[in-house]
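Observations on chain architecture
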Amino acid sequence: MSAARLLLVPLDAAPELTVTEWRIALERLLRDDDGRVVTLFGTPNDERITITAVVEQGGSELRALRTVVERDVGYHALTPEFPALHCFERELHEQHGVRIAGHPWLKPVRFEVTGSKGRDAYPFYEIEGKEVHEVAVGPIHAGVIEPGSFRFMCLGERVHHLEIHLGYQHRGVEKLLLARDPRSLAPLVETIAGDTSIAHTWAYAAAIEALAGMAVPHEIDAARGAMLELERIAMHLAGLAGLAADVGFLQGASSYGRLRTTAINTSMRLCGSRFGRGAIRPGGSGTTLGAGPDLAEATNGAFTSTDLLRNLKLLSDDVAIIDDRFSSARTVQHRLRGVGAVPSALAREIGLVGLAARASGVPCDLRTRAGGVYEHHPIEACVEPDGDCWARARIRIAEIRRSLAWLSSVADAHPRWEAARPRIGALAPRQLVVAMTEGWRGEVVHALETDGGGGLARYKVQDPSFRNWLGLALAVRENEITDFPICNKSFDLSYCGSDL
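So, a few notes on the structure that sits alongside this text. (Residues numbered from 1 in each chain as written. Predicted model: local features only at pLDDT ≥ 70, side-chain atom pairs only at ≥ 80, totals over all residues. Heavy atoms only, no water.)

**A word on the overall build of the chain**
- Along the chain, the regular secondary structure elements total 18 helices and 15 strands.
- Its C-alpha atoms give the chain a radius of gyration of 23 Å, near enough to 23 Å, the size a compact globule of 500 residues would have.
- Based on the C-alpha atoms only, the size of the chain along its principal axes is roughly 70 × 60 × 40 Å.
- A burial count over the chain gives 58% of its 500 residues as buried.
- For the chain, restricting intrachain contacts to residue pairs at least 6 apart in sequence, the fraction spanning at least 24 positions comes to 68%.
- Separation between the mean location of the 55 positive side-chain charges and that of the 63 negative ones in the chain comes to 3 Å. (Helix = DSSP H or I, 4+ residues; strand = E, 2+ residues; numbered from the N terminus. Rg over C-alpha atoms; globule rule 2.2 N^0.38 Å. Buried < 20%, exposed > 50% of the residue type's maximum accessible area, 1.4 Å probe, protein only. Contact = heavy atoms within 4.5 Å. Lys, Arg positive; Asp, Glu negative; His and termini not counted. Charge placed at Lys NZ, Arg CZ, Asp CG, Glu CD.)

This is the structure in C-alpha cells:
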C-alpha cells in the first residue's frame, strides 16, 4: 500500500449526475457527513464542461462526484454556503468560462481568459472614508522574490482589508503536462514549486503507478518518505530563519539557516540534488544509501546509513539548543504572540490545509492516515490551538523534532536504499486517479484523467498555497501593517504554486 492517499475510479463506471443531483450529493457530504472538498476542477469537452469534485468523508474515504454543465448556463455558486469552495469555483470560471451565478467574489485566480489586459484593469476592493488610505506593495519586490501584488486598506496603521493579487507569472503548467508522455513528466513536475519538489513528484509518481497497476516495494516507499521528511525539515528551518530575521532575533536567523544547509546537503548526498530532484520516479527511486560502516563504501565516497544517522543527530542536538533560545526569548514572543490569528472555526470554514490549519487547531495531516511507510512507522500530527504567528512557529519547531525522530527510526529499519528505474507499462484507459501527499505546507493534490488510449486528457495540479492565500489575507485584518511581513513569513506560501 502506498504512503500517498489514492482514489482510482473507472470513468465509465462513475455515475454522471445532473447538476441538481450533483449539488444535492455534494451539499449532503459537506454538511451532514463531516466531509471536506479535496479538489474541484473542470475538464472541457467542446461547449460542455465536466466538473469533478473529490470529497474526503470523515477523514478517510475519498469520493468523486461528476456532472456536466453548459458553459453559458453553468450552475449556482456553492461558495456562499461553503466558503472553502471559493478558489475552486473562481478557477473553474476563469479556466473554462463556466457561468457561476451568485458567487460573492468571482475574482480571477490567474487571468487565464483575459491575460495581462484583464489583470491590469481589475478593480480592487475599496473602503470609503476620509481617514482610510491604501498601501500598494508589489508586484515587483526587492530581493529575490516572485511577483505578487498586495493591496492594503488601512485606517492609520491598522489593516481593515488585504487583497492579494497573483497571476503575474502564469506558466501554463497543466497544459505542458499534457504535451508529452505521461510516464516521463517527473523533471517538469519537480519544478512546479521548487521548494516542494519531493511532495509534488511523489503525488505524480503515485498517480502513474496506480494507472499502470504497479506496486512499489516497501524499501522504495521508505526512501520516498525519508526524502519528504528531509524536505519538510529543511523548509521549516528556512521558515524559522526568516521569522527570526523578521523579528530581529539574529541568533536564530543564522543558526536555523546554518542547520538548513545540513538538511539540504543530506538530501544532495542521497539523490544528487539539494532540492530532491531525481529522488523519485514512477515505479522507482533515484535515492541511494549504503549500509555502512563499510570500508569499501567509505573509500568510494558512498553515503551510508551511519552518515545519515550522524547528520540527523547533529541536526537534533543543535536544533534543540536554538529552539530553546528562540522559544524563550521575550522579544520573539512579544512580536509573534497574538499576531495574525486565524481562529479554528474560520480555518475550517475557508478550508485551510497543512501547517496553517494545524496551527489553528485543525488536525489535518495526511501522514496520520496514510499507508505504506507511514503505516509501519506512524507519525502523530502536531497541533496548536491559537492560530497566530507564534502557533505557526511552534508547529514548525514541533514538526522538525518529530520528523527527525521518524527519520532515525526509518534509517534504522531500512539501512540500505537502492536506486531503481523500472519500465512503466501502458496506463489504464478511461480512468480518474487522485493522488495526495502531505508536503511541508500541506496537502499536494494531483488529479489525472486518461482517455480511451491511455493518454492524458486532463492533469489537475493543486499546491496547498492555492487554498491558503485567503488565510493570510484574513490573518492580517485588524493587525498593524508592520505585522504583515511576520504574518506573510509565518504562512510562507508559494507564488508559483498558485500561479500555475
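**Topic: helix α6 (residues 197-212)**
- With 16 residues, α6 extends 22 Å from end C-alpha to end C-alpha; this agrees with the ideal 22 Å at 1.5 Å per step.
- Of all 16 residues in α6, 14 are buried; the element is thus mostly enclosed.
- Trailing α6 by a residue or two, G213 shows a phi angle of about 70 degrees, which is positive. (Expected span 1.5 Å × (residues − 1).)

**Comments concerning the pattern of salt bridges**
- According to the stated counting rule, one finds 32 salt bridges in the structure shown.
- Across the salt bridge formed by D307 and R310, the nearest N and O atoms sit 2.8 Å from each other. Here D307 and its partner R310 are both found in helix α10 (residues 305-328), three residues apart, which amounts to about one turn of the helix.
- Salt bridges sharing partners connect three or more residues here, namely E229, R232, R358, D365, R367, E399 and E438. (Salt bridge = Lys/Arg side-chain N within 4 Å of Asp/Glu carboxyl O.)

**Considerations on the state of the cysteines**
- Following the criterion strictly, the structure yields zero disulfides and no others.
- The closest cysteine sulfur to the non-disulfide-bonded C154 is located on C487, 13 Å from its own sulfur.
- Assessed through its relative accessible area of 0%, C154 is described here as buried.
- Here C496 stays unpaired: no disulfide links it, and the sulfur of C87, its closest cysteine neighbor, is 17 Å away. (Disulfide = S-S within 2.5 Å.)

**Concerning the environment of L162**
- In this fold, L162 is placed in strand β10 (residues 158-165).
- Residue classification places L162 among the buried residues on the basis of a relative accessible area of 3%.
- Here the alpha-carbon distance between L162 and R477, two residues 315 residues apart in the chain, equals 7.1 Å.
- Residues within four places of L162 in sequence aside, it is in contact with F150, R151, F152, A473, V476 and F484.

**A closer look at the nonpolar core**
- Grouped together as the largest cluster of nonpolar side chains are 108 residues, with contacts concentrated most on F152, L237, F326, L336, Y374, Y459 and L472.
- Ranked by residue count, the leading element in this core is helix α7 (residues 218-246), at 13 residues.
- In this view, Y459 contacts E174, L177, L178, L185, V189, Y204, H446, A447 and L448; residues no more than four positions away in its chain are not counted.
- V37, Y75, L85 and C87 belong to the second-largest nonpolar core, a separate cluster that totals 25 residues. (Core = buried A, V, L, I, M, F, W, Y, C linked by side-chain atoms within 4.5 Å.)

**Remarks on the packing of α10 against helix α15 (residues 389-413)**
- As a packed pair, α10 and α15 sit with axes 10 Å apart at the nearest point and diverge in direction by 160 degrees. In terms of orientation, α10 lies roughly antiparallel with respect to α15. α10 and α15 meet at a crossing whose hand is left-handed. Taking contact as the criterion, the partners of L308, L309, L312, L315, S316, V319, D323, F326 and S327 in α10 are, on α15, W390, A393, R394, I397, I400, R401, L404, L407, S408, A411 and D412.
- Counted by class, the contact of α10 with α15 contains 13 nonpolar, three polar and four charged residues. (Axes fitted to C-alpha atoms, helices over the stretch in contact; angles between N-to-C directions. Parallel < 35°, antiparallel > 145°, perpendicular 65-115°, else oblique. Left-handed = near helix turned anticlockwise from the far one by under 90°. Nonpolar A, V, L, I, M, F, W, Y, C, P; charged D, E, K, R; others polar.)

**Details of helix α8 (residues 250-271)**
- Here α8 is 22 residues long and its end C-alpha atoms lie 32 Å apart, about the 32 Å a rise of 1.5 Å per residue gives.
- Buried residues along α8 sit in contact with α7, α10 and α15.

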